[in-house]
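# Geometric and topological summary
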Amino acid sequence: MAASTEPDQRRQRRRAVAAGAVGVAVAAAAWALRDIPAALGGRIRGDRAQRVAGSPQYRDGVFRNPVSTPMVTEPGRNLLRELLFGPQRRRPALPVPVLRPADPPAGPTARELGIVWHGHASTLIEIEGHRVLTDPVWSERCSPSALVGPRRLHAPPVPLDELPRLDAILISHDHYDHLDVASVRGLTRTQSAPFLVPLGVGAHLERWGVPAERIVELDWDERHRIGGLEITATAAQHFSGRGLHRDGTLWASWVVAGAHRRVFYTGDSGYFDGYAAIGAAHGPFDVTLMQIGAYDAAWPHIHMFPEEAVAAHLDLRGDLLVPVHWATFNLALHSWAEPVDRLWREAKARGVRLAVPRPGERVVVDQPPPVDAWWQTVA
C-alpha cells in the first residue's frame, strides 16, 4: 500500500509545482502587460470627435494625406529576414557620446537662437527667450511595453525632471517614438507648459492625466500664440496609430516663429510638394530640424531619405539644417549611422549649411560647430 501511495504523492507534488510555475508565468505576463492598455491612449469622443470630423484632412472615418501614400510598396520582400540576418551594423561599436547641454545666455530678450538635440526627435528650441520642446521621448524603449520594443542606443543627456522651464511642448503625431506616455506624465508633473498637438491626439493626453487647459489641438494651418511666439501646425505626409486602428489622429509638422527668428520641424514625413508651400507661406527659416532616419525603399512615401531631407530643406528656404530622428532607436533596416553619412554627402554637394550635434550638444544657429564626423569614431 505504501509503495503505491509514494508515486501518487510524487505526481501530486509535480502537479503542484507545475501549477505554481503556470501561476508565476501568468502573473509575470500580467505584470509585463499592465501598462499597455493605458499606453494605447484614449478614445476620441464628444466635442473632440466633432472637431476631428470637421477637418478637411478627415474623410471616411480616418485622416488622409492629400495624395495616396501606400504604407509598403514592396509586399513580396522578406523584411523580417533582412532584419534578423541583414549585414547592416544596426548598433554602434562604441558608446554614443552624450553631452550635458550648455546653458543659454540669460535674459528674456536674448536674440541668440539655440538648438539642443536630446536624441531621436526630442529637441529643445531656444528662441527669443522662449523654450519649446519637440516630441519628448525619455523612456528606455519606444513601445507600449517597458520590456519589449526598440531600445535606446544612448542615454538622455539630462533627466526629464532637470529640463529647464518650458513654454511649449510640441507633439508631431502619436507613434510611440514621438509620443511617450511616461515622458508626458513626467512633464505634466514637472512643467506647466501647454502641449500643442495635432487633432485627436489630445484624447491620449487626457487619458494620461494632462489637464484640459494644457492641451491645444490644431489642424493644419491653425496657429496658437504663446508669449512672443506664433506656433503653427503645418502639413506632413505620414500616418498615425498606437494600436490596431490606424489614422484616427492627425500628424503634423511645426513652425515656431518669433519676432525675428523662425524654426521648422518636420515631424515624420515623406518628401512631398507641401514643403515648398510651407516655405512660401512661413519661410525663410533660420534652422530646419529634418527627419533623416528610419527610411527604406519599402516605405518611401512616409519617411524621407537623407537626400530628400536636403531637398525639403531647400524647398523650405532653410538656412542651417540640423538632422533628427536618427542614432537613438533602431527603427529600420539601414545601418545606424548611414543616414547622417548620406546627409553629409548631399549637403556638401548642394551647398547646404549643416550641423550634426552629439546628443545634448547645444548648437548656436548663427555660429554652428563644424561637422566633425563624430559618429564615425564610434560606428
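Relevant structure appears above.
What this report covers is the structure whose coordinates are included nearby. Since we're looking at a predicted model, the values are computed, not measured.

### Some thoughts on the packing of helix H8 (residues 306–315) against helix H9 (residues 338–350)
Packing of H8 against H9 leaves a shortest axis separation of 8 Å and a crossing angle of 45°. Judged on the interaxial angle alone, H9 and H8 are oblique. For H8 against H9, the interelement crossing comes out right-handed. Each of Pro-306, Glu-307, Ala-309, Val-310, Ala-311 and Leu-314 in H8 lies in contact with H9, whose residues at this interface are Pro-339, Arg-342, Leu-343, Glu-346, Ala-347 and Arg-350. A class-by-class count of the residues in the contact of H8 with H9 yields eight nonpolar, no polar and four charged.

### Focus: the side chain of Asp-286
On the secondary structure map, Asp-286 appears in strand S13 (residues 285–291). The buried category is assigned to Asp-286, whose relative accessible area is 18%. At 2.7 Å, the side chain of Asp-286 and the backbone nitrogen of Arg-262 are in polar contact. Those residues within four positions of Asp-286 in sequence are excluded, and the remaining contacts are Leu-113, His-260, Arg-261, Arg-262, Asp-319, Leu-320 and Val-365.

### Thoughts on the pattern of salt bridges
All told, the structure shown has 20 salt bridges when counted by the stated rule. When the shortest N-O distance is used, the salt bridge between Arg-358 and Glu-361 registers 3.5 Å. The burial state of Arg-358 is the same as that of Glu-361; both residues are buried. Linked through salt bridges whose partners overlap, the residues forming this network are Arg-48, Glu-206 and Glu-217.

### Focus on empty space enclosed by the protein
This structure, assessed with the given rule, holds two cavities of 30 Å³ or more. What the largest cavity holds in volume is close to 110 Å³. Residue composition of the lining of the largest cavity, grouped by class: nine nonpolar, five polar and no charged.

### Here we look at the packing of aromatic side chains
Overall, the coordinates contain twelve aromatic pairs when judged by the stated rule. An angle of 75° between the planes, with centres 5.6 Å apart, marks the rings of Trp-344 and Trp-375 as edge-to-face. Here Trp-375 lies in the segment after strand S16 (362–364) and Trp-344 lies in helix H9, a separation of 31 residues in the sequence. Among the aromatic side chains, those forming a connected cluster through ring pairs are Trp-117, Trp-326, Trp-336, Trp-344, Trp-374 and Trp-375.

### Side note on a nonpolar patch on the surface
On the surface, Leu-80, Leu-83, Leu-84 and Phe-85 cluster together into a nonpolar patch covering about 450 Å² of accessible area. For Phe-85, the location among the structural elements is in helix H4 (residues 79–85). For Phe-85, a relative accessible area of 64% puts it in the exposed group.

### Topic: the layout of surface pockets
In this structure, the largest pocket spans a volume of roughly 720 Å³. Its residues placed into classes, the lining of the largest pocket shows 16 nonpolar, nine polar and five charged. Size it by volume and the second largest pocket reaches roughly 290 Å³. Taken together, 18 residues form the lining of the second largest pocket, with Gly-42, His-204, His-245, Gly-248 and Thr-249 sitting closest to its centre. For the lining of the second largest pocket, the per-class residue count stands at five nonpolar, ten polar and three charged.

### Looking at the nonpolar core
Counting residues in hydrophobic clusters, the biggest one holds 69 residues, and the most contacted among them are Trp-326 and Trp-375. Leave out the neighbours within four places in its chain, and Trp-375 touches Trp-326, Trp-336, Ala-337, Val-340, Asp-341, Trp-344 and Val-356. Membership of the second largest hydrophobic core comes to 23 residues, among which are Val-116, Leu-160, Phe-195 and Leu-205.

Reading the values: rules and limits
- All residue numbers here refer to positions counted from 1 along the written sequence of the relevant chain.
- It should be noted that, the model being predicted, local features are given only for residues of pLDDT at least 70 and side-chain atom pairs only at 80 or more, the latter also being counted only at that level, while totals for whole chains, interfaces and linings use all residues.
- For the side-chain quantities, the full set of heavy atoms in the structure was used; hydrogens and water were omitted.
- Lines are fitted to the C-alpha atoms to define the axes, a helix being fitted only along its stretch in contact, and any angle between axes, read from their N-to-C directions, falls within 0 to 180 degrees.
- Helix and strand assignments come from DSSP, with helices taken as H or I runs of at least 4 residues and strands as E runs of at least 2, each series counted from the N terminus.
- Between 65 and 115 degrees an angle is taken as roughly perpendicular, under 35 as roughly parallel, over 145 as roughly antiparallel, and anywhere else as oblique.
- Two helices that cross are described as forming a left-handed crossing if the nearer one is turned anticlockwise from the farther one by less than a right angle, and a right-handed crossing if clockwise.
- Throughout, a residue-residue contact means that at least one pair of heavy atoms, one from each residue, lies within 4.5 Å.
- When residues are sorted by character, Ala, Val, Leu, Ile, Met, Phe, Trp, Tyr, Cys and Pro go into the nonpolar class, Asp, Glu, Lys and Arg into the charged class, and all the rest, Gly among them, into the polar class.
- The classification of residues rests on relative accessible area computed with a 1.4 Å probe and restricted to protein chains. Under 20% of the type maximum is buried, over 50% is exposed, and intermediate values are partly exposed.
- N or O atoms closer than or at 3.5 Å make up a polar contact, with two conditions inside protein: a donor-capable atom paired with an acceptor-capable one, and, for residues adjacent in sequence, both atoms drawn from side chains.
- By definition here, a salt bridge exists when the distance from a side-chain nitrogen of Lys or Arg to a carboxyl oxygen of Asp or Glu is within 4 Å.
- Points on a 1 Å grid over protein atoms alone make up a cavity when a 1.4 Å probe fits among them but cannot get out, and a pocket when they form an open set with protein on both sides within 12 Å along at least five of seven lines; lining residues each have an atom within 4 Å of a point.
- Grid points are joined across faces, edges and corners, and a volume is the space filled by probe spheres set on the points.
- Centre distance within 6.5 Å is the pairing criterion for rings of Phe, Tyr and Trp, where only the six-membered ring of Trp is used; planes under 30 degrees apart are then read as stacked, over 60 as edge-to-face, and the remainder as tilted.
- A patch consists of residues exposed above 30% relative accessible area that lack any salt bridge, with like charges linked at up to 9 Å and nonpolar side chains (Val, Leu, Ile, Met, Phe, Trp, Tyr) linked at up to 5 Å.
- Note on areas: these come from Shrake-Rupley sampling with a 1.4 Å probe, and a residue is covered only by the protein chains present in the view.
- The definition of a nonpolar core used throughout is a set of buried Ala, Val, Leu, Ile, Met, Phe, Trp, Tyr and Cys residues joined through side-chain atoms within 4.5 Å.

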